[in-house]
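Structural overview
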Amino acid sequence: TKQKEPELPLFFGWFLLPEEEERIKCATMDFLKTLDTLEAFKEHISEFTGEVAKEVDLEQYFQNPLQLHCTTKFCDYGKAEGAKEYAELQVVKESLATSYELSVTALIVTPRTFGARVALTETQLKLWPEGADKEGVAPALLPSVEALPAGSRAHVTLGCSAGVEEVQTGLDLLEILALQKEGKEGTQVEMDLGTLTYLSEGRWFLTLREPITADTTFTSFSD
Ligand code: A2P
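Here's a quick rundown of the structure. (Residues numbered from 1 in each chain as written. Predicted model: local features only at pLDDT ≥ 70, side-chain atom pairs only at ≥ 80, totals over all residues. Heavy atoms only, no water.)

**Notes on the overall build of the chain**
The helix and strand inventory of the chain stands at nine helices and eight strands. Compactness check: the chain gives a C-alpha radius of gyration of 18 Å against a globular reference of 17 Å for 223 residues, within 12% of the reference. If one aligns the C-alpha atoms of the chain with their principal axes, the spans along those axes are about 70 × 40 × 30 Å. Per-residue burial over the chain gives 48% buried out of 223 residues. A fraction of 71% describes how many contacts in the chain between residues 6 or more apart in sequence connect residues 24 or more apart. Of the accessible surface of the chain, which amounts to about 11,800 Å², a share of 51% is contributed by carbon and sulfur atoms. Computing the positive centroid from 20 side-chain charges and the negative centroid from 38, the chain places the two 5 Å apart. (Helix = DSSP H or I, 4+ residues; strand = E, 2+ residues; numbered from the N terminus. Rg over C-alpha atoms; globule rule 2.2 N^0.38 Å. Buried < 20%, exposed > 50% of the residue type's maximum accessible area, 1.4 Å probe, protein only. Contact = heavy atoms within 4.5 Å. Areas by Shrake-Rupley, 256 points an atom, 1.4 Å probe, with all protein chains shown as cover. Lys, Arg positive; Asp, Glu negative; His and termini not counted. Charge placed at Lys NZ, Arg CZ, Asp CG, Glu CD.)

Written out as structure tokens, the structure is:
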């Protein structure tokens, strides 16, 4: 008899524990509430609303994802390249259902996405698939992305604007990191949480003064 292949999940990742999720959601929502009242933000509001002199309620603008997590490998039930190889890695199998503390070092806001940048440790990087940073990246951005350290794309999607898919958060983050590296920073604003930087076309980056840590479990997810 033929042995049935084990099924591959939609994706693997670190999932925030429920109480952590609440804490992070509260802290990041507070940031959004403050952001849309800042004069610096209002000057560029048309990049969010398409019209000048209109207000935007960022808390309404972004829809919350269901379960906060940091994706390591998007497998698409085996349709994604390298899915099977990833699932079979010893380090992946050994790490399933174990605890990890993630460190959030920055927040990003763009007209498309709201996300948290995750700084991976050496141990956590072992679960970061090779080449994951550049997957689906536009050719024009590839050279800049290849120059960034591995794991630069690691993030937690906190919200997407209407019609935008979650995968966009990682791409927005990479774009911001590339612009930063080129020294393309614009206006800077000091906030309680850290330094807010504007990077053109509605892109905002908040470097946290103190990283926000979150307890997670590494696991696979299938819809
Ligand atoms: P992210 O990790 O940026 O939040 P979906 O619900 O669209 O199928 O996606 C499930 C999860 O996998 C989401 O968390 C999403 O984005 C991530 N994801 C979706 N597509 C990709 C992709 N092509 N590459 C990397 N991650 C993806």
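Structure shown, so let's carry the discussion forward.
**A look at the site of the ligand**
Neighbouring the ligand are Leu10, Phe11, His69, Thr71, Phe74, His155, Thr157, Glu166 and Val167. Threonine 71 is positioned with one of its side-chain polar atoms (N or O) 2.5 Å from an oxygen atom of the ligand. At 2.6 Å, a side-chain N or O of histidine 155 approaches an oxygen atom of the ligand. Taken atom by atom, the bulk of the ligand overlaps the largest pocket. Those elements that provide at least two residues to the shell around the ligand are strand E2 (69–74) and strand E5 (155–160). A total of three residues in the shell around the ligand trace back to one element, the largest contributor, which is E2. Tallied by class, residues from the shell around the ligand come to four nonpolar, four polar and one charged. (Near = heavy atom within 4 Å. Polar contact = N/O pair within 3.5 Å; in protein donor to acceptor, adjacent residues only side chain to side chain. 1 Å grid on protein atoms, 1.4 Å probe; cavity = no way out; pocket = protein on both sides within 12 Å on 5 of 7 lines; lining within 4 Å. Sits in = over half its atoms within 2 Å of the grid points. Nonpolar A, V, L, I, M, F, W, Y, C, P; charged D, E, K, R; others polar.)

**Things to note about the packing of aromatic side chains**
The full count for this structure, using the stated rule, is 15 aromatic pairs. A centroid spacing of 5.0 Å and a plane angle of 90° characterise the contact between tyrosine 61 and phenylalanine 62, whose relative ring orientation is edge-to-face. Phenylalanine 62 sits in the buried class, given a relative accessible area of 4%. The structure contains a cluster of three or more aromatic residues connected by ring pairs, namely Phe31, Phe41, Phe48, Tyr61, Phe62, Phe114, Tyr198 and Trp204. (Phe/Tyr/Trp six-rings, centres within 6.5 Å; stacked < 30°, edge-to-face > 60°.)

**Brief notes about the layout of surface pockets**
As a volume, the largest pocket reaches approximately 1,200 Å³. Phe11, Thr71, Phe74, Glu166 and Val167 are the residues nearest the centre of the largest pocket, which is lined by 41 residues in total. Tallying contributions element by element places E2 first for the lining of the largest pocket, with five residues. Tallied by class, the residues present in the lining of the largest pocket amount to 17 nonpolar, 14 polar and 10 charged. (Points joined across faces, edges and corners; volume = space filled by probe spheres on them.)

**Side note on the pairing of strand E1 (residues 11–16)**
Taking burial as the measure, the six residues of E1 include six buried ones, the bulk of the element. Bridging between E1 and E2 involves five bridges; their strand directions are antiparallel. Of the residues in E2, the one forming a bridge with tryptophan 14 is cysteine 70. Relative to strand E8 (residues 204–221), E1 runs antiparallel, the two being bridged by six bridges. Bridge pairing in E8 links phenylalanine 12 to serine 220. (Pairing = 2+ DSSP bridges.)

**Quick notes on the side chain of histidine 44**
Residue position: histidine 44 is located in the loop between helix H2 (39–43) and helix H3 (46–49). Apart from the residues lying within four places of it in its own chain, the contact partners of histidine 44 are Tyr198 and Trp204.

**Things to note about helix H1 (residues 18–35)**
Here H1 is 18 residues long and its end C-alpha atoms lie 26 Å apart, about the 26 Å a rise of 1.5 Å per residue gives. Buried residues of H1: Glu20, Glu21, Ile24, Lys25, Thr28, Met29, Phe31, Leu32 and Leu35, and no others. Relative to the axis of H1, the buried residues are bounded by an arc of 155° and lie together on one face. (Expected span 1.5 Å × (residues − 1). Arc of directions from axis to C-beta.)

**Things to note about unusual backbone geometry**
Residues other than glycine seldom take positive phi values, yet alanine 97 does so here, at roughly 70°. Position of alanine 97 relative to the elements: it lies in the loop between helix H6 (90–95) and strand E3 (99–109). Assessed through its relative accessible area of 65%, alanine 97 is described here as exposed. The phi torsion at serine 200 lies on the positive side, around 65°, for a residue other than glycine. With respect to the helices and strands, serine 200 occurs in the loop between strand E7 (194–198) and E8.

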